[in-house]
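Examination of the molecular architecture
The lines below spell out each chain.
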Amino acid sequence: MPAHRSKSEKIDAGKQLRRDPYEVLDVTRNSTDQEIKAAYRKMALKYHPDKNANDPKAAEMFKEITFSYNILSDPDKRRQYDTAGFEAVEAEGQELELDLSNLGAVNTMFAALFSKLGVPIKTTVSATVLEDALNGMVTVRPLPLGQQVVKKVEKQCAHFYSVTLTEEEAQNGFVCRVQSSDKSKFKLLYFDQEEGGGLNLALQEDSAKAGKVTSAGMYFLGFPVYRLDQTVNSMAAAKDPDSAFFKRLDGFQPCEITELKAGTHVFAIYGDNFFKSVSYTIEALCADPFAEEKENLRAVEAQILTKRVELSKFETEYREVLSQFTEMTSRYAQEMQAIDDLLKRRNEIHAAYSNVPPIKRSKSKNRGLSKESKDDGQVNDKKPVRERSKKKKWYNIHLKVDKNKPC
């Protein structure tokens, strides 16, 4: 009879069966983030559960693709894996992106509840939308520069827009930004155009709260521009508030595309709400009138990068001081308790000197005292009687009677 394997042995066996993430996504170790993302989306579309409903092998392949991409898409996890393999990567901490269009009503309700409670939930663009775009089966509306368009898109659906740039406009830089006045969740997408006319998702920016609206923007200014992934900080905050502070800038990563060439470019607004549609305003702007803002943005982002390095050093110093503080606090409590115990013992010794022990008396003396007390009691009882006999009543008048005289 074969022996049963323990849980740890099963986990170790599972780890040995894992394939190299680079092999899974069919990329090399020198591949750029953009190449890795493109490979992931291509394979995710091929093995997505929506297209392979009754194929368990495709479902397992989709999980493996997602797991591999979660490692290679994160700079820190990718560096850890390249250095020490799977052992350096916490498999339990991997984030999965949810396709809300594939969850169903009940699961969507639970996801919405957790999101309302503050649990960070990453969502992905519906596989149906991406497949229609890749096959060239979407409607693309023109978006003139400097003109706002106000629309409403249904949940897990997308509106596509095309922007045409001249050589001068492309050289000066370009900005596409979207706002939602009802604070809806949405994604701003940018697509590369394939030779066959299809559209392949290249960039994605999730909306974030900015005052009384939610907004998202893409900036193609001819120099490296950075984006801030808030999910990284949200996950850290759920585990440790201190880590949330020190990891606040970990999601500050460079955008894959820094400039656009002259020609037509396609953007899309994807409705990312759980249940309702998204009202939005989209606007495409040439960056030429915003020369001062461009320089200010470049300077501020350079300062943020410097601050991120300083924060990493400060965390090391903070952890050391915190460890010392914890040790000193523990010692403080111990010393306080020791002093209290010593003072208590001292008071007990002082009390032993100042308290007089009770006097012990013999039984015979006690008996003599009791007899004396009894006699005294009897005397005291008799005295009032004698006093009462001597006293005269008011009617006890002494009369002298002369017997010789007749009455």
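All residue numbers here refer to positions counted from 1 along the written sequence of the relevant chain. Note on the predicted model: pLDDT of at least 70 is required for a residue's local features to be given, and 80 or more for side-chain atom pairs to be given and counted; whole-chain, interface and lining totals, by contrast, use all residues. Computation of side-chain values covers all heavy atoms of the structure but excludes hydrogens and water.

**Regarding the overall build of the protein**
Secondary structure elements follow DSSP: runs of H or I no shorter than four residues count as helices, runs of E no shorter than two count as strands, and numbering proceeds from the N terminus. A tally of regular secondary structure across the protein gives twelve helices and twelve strands. Three labels apply to residues, based on accessible area from a 1.4 Å probe with only protein chains included: buried if under 20% of the type maximum, exposed if over 50%, partly exposed otherwise in between. Considering the protein as a whole, with its 407 residues, one finds that 31% of them fall into the buried category. Contacts are assigned to residue pairs with any non-hydrogen atoms lying within 4.5 Å of each other. When contacts within the protein are restricted to residue pairs at least 6 apart in sequence, long-range pairs at least 24 apart make up 74% of them.

**A closer look at the confidence of the model for the protein**
Per-chain confidence: the protein averages 78 in pLDDT, with 71% of residues scoring 70 or above. Looking at any residue, its pLDDT shows the predictor's confidence there, from 0 to 100. Scored below 50 in pLDDT, residues 1-16 shows three contacts in the model against residues more than four places distant or in partner chains.

**Quick notes on the sheet that holds strand β11 (residues 263-271)**
For two strands to be treated as a pair, DSSP must find no fewer than two bridges joining them. Overall, mixed pairing links the five strands, which are arranged β1-β3-β11-β5-β6 in an open sheet. Here the strands that pair on one side only, and so sit at the sheet edges, are β1 (140-142) and β6 (199-206). Averaged over all adjacent pairs, the angle separating strand axes in this sheet is 30°, with direction ignored. Lines fitted to the C-alpha atoms define the axes, with helices restricted to the stretch that makes contact. Angles between their N-to-C directions range from 0 to 180 degrees. The sheet strands contacting helix α3 (residues 33-47) are β5 (186-193) and β6, and the helix crosses β6 at an angle near 110°.

**Things to note about helix α4 (residues 56-72)**
Compared with the 24 Å implied by 1.5 Å per residue over 17 residues, the 25 Å span of α4 between its first and last C-alpha is a close match. Within α4, burial applies to Ala58, Met61, Phe62, Ile65, Thr66, Phe67, Ser68, Tyr69, Asn70, Ile71 and Leu72. Where the residues of α4 are buried, they touch α2 (21-24), α3 and α5 (75-84). Residue Asp55 occupies the N-cap position of α4, its side-chain oxygen lying 3.2 Å from the main-chain nitrogen of Lys57. Expected span of a helix, by definition, is 1.5 Å for each gap between consecutive residues, and there is one gap fewer than residues. Side-chain atoms alone can form a polar contact between residues adjacent in sequence; in general such a contact is a pair of N or O atoms within 3.5 Å, and within protein one must be able to donate a hydrogen while the other accepts it.

**What to know about the nonpolar core**
Grouped together as the largest cluster of nonpolar side chains are 25 residues, with contacts concentrated most on Phe174, Tyr190, Phe220, Leu260, Phe267, Ile269 and Ile282. Secondary structure elements with two or more residues in this core: β2 (148-153), β3 (158-165), β4 (174-180), β5, β6, β8 (213-220), β11 and β12 (278-286). When sequence neighbours within four positions are dropped, the list of residues in contact with Tyr190 reads Asn200, Leu201, Ala202, Leu203, Met218, Ile257, Leu260, His265, Val266 and Phe267. We define the nonpolar core as a collection of buried residues of types Ala, Val, Leu, Ile, Met, Phe, Trp, Tyr and Cys that are connected through side-chain atoms lying within 4.5 Å of one another. If you look at the next biggest cluster of nonpolar residues, it comprises 18 residues, including Val27, Met61, Ile71 and Leu72.

**Describing the side chain of Asn200**
Looking at where Asn200 falls in the secondary structure, it is placed in strand β6. If sequence neighbours within four positions are ignored, Asn200 has contacts with Ala38, Leu134, Tyr190, Phe191, Asp192 and Glu194.

**Some points on the side chain of Thr214**
With respect to the element layout, Thr214 can be found in strand β8. Residue classification places Thr214 among the buried residues on the basis of a relative accessible area of 4%. Looking at Thr214, its side chain comes within polar contact range of the main-chain oxygen of Ser184, at 2.7 Å. Aside from chain neighbours lying at most four places away, what touches Thr214 is Val178, Gln179, Ser180, Lys183, Ser184, Phe186, Ser207, Ala208 and Lys209.

**Focus on the packing of aromatic side chains**
Stacked, edge-to-face and tilted are the three classes for Phe, Tyr and Trp ring pairs, Trp counted by its six-membered ring, which pair at centre distances within 6.5 Å; planes under 30 degrees apart are stacked, over 60 edge-to-face, the rest tilted. Under the definition given, this model contains 13 aromatic pairs. With 5.7 Å between their ring centres and 50° between their planes, Tyr190 and Phe220 make a pair best called tilted. Remark: Phe220 occurs in strand β8 and Tyr190 occurs in strand β5; sequence separation between them is 30 residues. Neither Tyr190 nor Phe220 differs from the other in exposure class; each is buried. One aromatic cluster is present, formed by Phe174, Tyr190, Phe220 and Phe267 through successive ring pairs.

**What about the pattern of salt bridges?**
Here, a salt bridge means any side-chain nitrogen of Lys or Arg that lies within 4 Å of a carboxyl oxygen of Asp or Glu. If you walk through the whole model with that rule in mind, you get 14 salt bridges. Its salt-bridge partner being Lys247, residue Asp250 comes within 3.8 Å of it at the nearest N-O pair. For Asp250, a relative accessible area of 23% corresponds to the partly exposed category. By relative accessible area, Lys247 is classed as partly exposed at 36%. Close ionic contact of Arg331 with Glu335 constitutes a salt bridge, the shortest N to O distance being 3.8 Å.

**Brief notes about the pairing of β8**
Among the eight residues of β8, six are classified as buried, and the element is accordingly described as predominantly covered. Where strand β7 (residues 208-210) lies against β8, three bridges are found, and the strand directions are antiparallel. What sits directly across from Ala210, in β8, is Val213. What sits between the antiparallel neighbours β7 and β8 is a turn of two residues, in which Gly211 has the positive phi angle 75°.

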